[in-house]
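Residues per chain, in single letters:
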Amino acid sequence: MTSRAAILAGEIPGRSPLLEVSGIEKGFPGVRVLDGVSLTVHAGEVHVLFGENGAGKSTLMNIILGNYTADAGSVLLDGVALESGSPRAARERGVSVVFQELSLIPTLSVSANIFLGTEPTRAGFLDDAWMHAGVLQAFSLLGVSIAPDLPVSSLSRAEQQMVEIAKALQGNPRLLILDEPTTAFTGVETERLFAIVRRLKAKGIGIIYITHRMAEIKAIGDRISVLRDGKRIATEPVAQTSEARLITLMTGREALKIYPTINFRPAQIAISLKNATAASGRFRNVSIDVRAGEIVGIAGLVGCGKSAVGRSLFAEERLSAGGLLLGGKPVRSVCPKVLLDAGVVYLPPDRRRQGLMLNRSVKENATLSCLNLPAFRSGPLLNTNAEAGAVKRVLDRLKLSPARLDRNVSSYSGGNQQKVVFSRAFLRETKVLIVDEPTVGVDVGARLEFYSILKELCEEGAAVLLISSDLPEILHLTHRVYVLAFGEVAAVCEGSDINEAKILSSFFRETPRPADKLLATHA
């Protein structure tokens, strides 16, 4: 007979679980993160873990991995308890993970990263030949071709993600945790990953798959568990649930319209690139205009140069030809400070590495670009009261939870960290907002809030440039779209031309030039 505990964990009757998590509780000072969470994962199953940022997913995974010690409850693998608080014990028992935030060392080679901590030796020396062969074998399984001796820093984000996956597959894992594994992937790369996951399933590996992308749940999941406010709300077969029900379970409210209706009122051109070519070669002869009162999108495959275009508009990518214009006038002294003082705000795609100081407080991160403003100064000194008051007003508006300005930003979920990054657009007068991949790794609830922010800024008269690999964002939020392919503008879409078929057909070029292969290795 199936026990009550097994039923509460979403157990499948008649099958013994590979992983059994029972009654897990975990708290940190001032907050209870997990409240009696139970779930099971079976061999050969993809178990999707779904929930808002801050629901407790990452904390639960860290307990399974041995990074955290639970306050109460147990974790069994093959019916035997996993040693609490011991990452090494979890690895030795066959538990592997691919985190959303990469854990690679950029200066080391691909093979050194994959075998980091498990380096094979021969006669007291590293067995480089064995490592080289092992890397090639792993990449053969993944369907990618990356030289083992290349430094990780030379790889694109998507290639680094493949290295991370290859690293997790070393040692024949019994349980594999994939945390937002497709954030840097194109559709083709995502399908390749799904094929790998299906092969791993066939080998009897249990997989916990964390994602906020609805399409991925249906494509790859067997069962899904929904977490909300530190509790497991439900576990259901994926085939028997719907997108609307999942959103309701996740948020506790009926599913809302995700994409807002935006009243575009295009006015004067706020910022432009004219016949611009990057000194790095990442893009060539690119011309774009963004007007006040509109959202302009840049779409394209990974490596097309779209992020480099965004960086160039904030003087973070040097131009070898062409120019940058503000309000139709050339910018003579192009540097981030000049652009910031002119009302240009740039929010980078990688919040942890490019957008935040993780060991500093929420308040310090929010006001990084505002400390020279008169509103925050008392003569030569910083007016900390004015600073704290302004940050609190903005983050209350953005619904940061918990709203603790003195708390290190590293302790917040991805969606809340992104709110801290977004706060910079409201702490000073923003005439132009350049935002690159704003919703990577954030849940549906946070997406609604970010889309509302973009709508609000646009309707207040700001010029917004949205760079995104999420095609629905481009289709539903933009007034005009530039499609980049191999570093050049392949199409400009407006009105009814902003449709999936038109944009996707522009992603590819039939006969790419030799230089295109080089460009495709850069973001």
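This text goes with the structure placed above it.
These notes cover the structure that comes with them.

Rules and cut-offs
- Residues numbered from 1 in each chain as written.
- Predicted model: local features only at pLDDT ≥ 70, side-chain atom pairs only at ≥ 80, totals over all residues.
- Heavy atoms only, no water.
- Helix = DSSP H or I, 4+ residues; strand = E, 2+ residues; numbered from the N terminus.
- Buried < 20%, exposed > 50% of the residue type's maximum accessible area, 1.4 Å probe, protein only.
- Contact = heavy atoms within 4.5 Å.
- Areas by Shrake-Rupley, 256 points an atom, 1.4 Å probe, with all protein chains shown as cover.
- Pairing = 2+ DSSP bridges.
- Axes fitted to C-alpha atoms, helices over the stretch in contact; angles between N-to-C directions.
- Core = buried A, V, L, I, M, F, W, Y, C linked by side-chain atoms within 4.5 Å.
- Parallel < 35°, antiparallel > 145°, perpendicular 65-115°, else oblique.
- Nonpolar A, V, L, I, M, F, W, Y, C, P; charged D, E, K, R; others polar.
- Salt bridge = Lys/Arg side-chain N within 4 Å of Asp/Glu carboxyl O.
- Expected span 1.5 Å × (residues − 1).
- 1 Å grid on protein atoms, 1.4 Å probe; cavity = no way out; pocket = protein on both sides within 12 Å on 5 of 7 lines; lining within 4 Å.
- Points joined across faces, edges and corners; volume = space filled by probe spheres on them.

What follows covers the overall build of the protein chain. What the protein chain contains, in helices and strands, is 19 helices and 24 strands. Counting across all 523 residues of the protein chain, residues that qualify as buried make up 52%. The contacts in the protein chain between residues at least 6 apart in sequence include a share of 69% that link residues at least 24 apart. Counting only carbon and sulfur atoms, one obtains 53% of the accessible surface of the protein chain, whose full area is about 22600 Å².

Attention shifts here to the sheet that holds strand E11 (residues 223-228). Overall, mixed pairing links the six strands, which are arranged E6-E9-E10-E3-E11-E12 in an open sheet. Pairing within the sheet leaves two strands with one partner each, and these edge strands are strand E6 (95-98) and strand E12 (231-237). Sheet twist, expressed as the mean angle between neighbouring strand axes with direction ignored, is 20°. Both strand E3 (residues 46-51) and strand E10 (residues 206-210) contribute to a ladder of four bridges, which runs parallel.

Attention now goes to the sheet that holds strand E23 (residues 480-485). Taken in spatial order, the six strands line up as E18-E21-E22-E15-E23-E24 in an open sheet, and their pairing is mixed. Each of the sheet's edge strands pairs with one partner strand only, and the pair in question is strand E18 (344-347) and strand E24 (488-494). Strand-to-strand twist across the sheet, computed as the mean angle between neighbouring axes with direction ignored, equals 15°. As paired strands, strand E15 (residues 294-299) and E23 are joined by four bridges and run parallel to one another. When the bridges of E23 are listed, Gly 297 appears paired with Val 481.

Formed by 70 residues in total, the largest nonpolar core has its most connected members in Ile 288, Leu 433, Leu 454 and Leu 465. Counting residues per element, this core draws most heavily on helix H16 (residues 444-459), which supplies seven residues. Excluding its chain neighbours within four sequence positions, the residues that come into contact with Leu 454 are Ile 295, Phe 422, Leu 433, Val 435, Val 464, Leu 466 and Leu 477. Counting 47 residues, the second-largest nonpolar core is a separate cluster that includes Ala 138, Leu 193, Ile 220 and Ile 224.

With that settled, the discussion passes to the pairing of E15. The buried fraction of E15 amounts to six of the six residues, a majority that puts the element mostly inside the structure. Burial along E15 is two-sided: Glu 294, Val 296 and Ile 298 and Ile 295, Gly 297 and Ala 299, pointing in opposite directions, are all buried. Pairing analysis gives five bridges linking E15 to strand E22 (residues 463-467), with the strands arranged parallel. Bridge assignment links Val 296 to a residue of E22, and that residue is Leu 465.

Attention shifts here to the packing of helix H6 (residues 157-169) against helix H7 (residues 187-202). Between H6 and H7, the least distance of the axes is 12 Å, while the angle of their chain directions is 5°. Taken together, the axes of H6 and H7 lie roughly parallel to each other. Where H6 abuts H7, its residues Ala 158, Met 162, Ile 165 and Leu 169 lie against Glu 189, Arg 192, Leu 193 and Leu 200. The class makeup of the residues in the contact of H6 with H7 is six nonpolar, no polar and two charged.

Looking now at the pattern of salt bridges. Evaluation of the coordinates by the stated rule reveals 24 salt bridges. Across the pair Lys 201 and Asp 222 runs a salt bridge whose closest N-O atoms are separated by 3.2 Å. With a gap of 21 residues between them, Lys 201 in helix H7 and Asp 222 in the loop between helix H8 (214-220) and E11 connect regions that are remote in the sequence. Salt-bridge contacts for Lys 337 lead to Asp 341; the nearest nitrogen and oxygen are separated by 2.8 Å. Highlighted residues: Lys 337 and Asp 341, both in helix H11 (residues 336-341), separated by four residues, approximately one helical turn. Given a relative accessible area of 54%, Lys 337 falls into the exposed group.

Let us now look at H16. Along an α-helix, residues three or four apart share an orientation, since each turn contains 3.6 residues. Between its terminal C-alpha atoms H16 stretches 22 Å, which fits the 22 Å expected from 16 residues at 1.5 Å a residue. Buried residues of H16: Val 444, Gly 445, Ala 446, Arg 447, Leu 448, Phe 450, Tyr 451, Ile 453, Leu 454, Leu 457 and Cys 458, and no others. At the exit of H16 stands Gly 461, carrying a positive phi of roughly 105°.

Now for the pairing of E3. With six of six residues buried, E3 lies mostly within the body of the structure. Side chains of E3 alternate between two faces, with Val 46, Val 48 and Phe 50 and His 47, Leu 49 and Gly 51 buried alike. The pairing of E3 with E11 spans five bridges and is parallel. Within E11, the position partnered with Phe 50 by the bridge is Val 226.

Further remarks concern the layout of surface pockets. When its volume is computed, the second largest pocket comes out at roughly 1100 Å³. Lining the second largest pocket we find 35 residues, and of these Ser 96, Lys 167, Ala 168, Gln 170 and Gly 171 sit closest to its centre. Mapped by element, the contributors of at least two residues to the lining of the second largest pocket are helix H3 (87-92), E6, helix H5 (128-142) and H6. Element by element, the count of residues in the lining of the second largest pocket is highest for H5, at six residues. Across the lining of the second largest pocket, the residue classes tally to 18 nonpolar, eleven polar and six charged.

Don't take any of this as a statement about function, it's just geometry.
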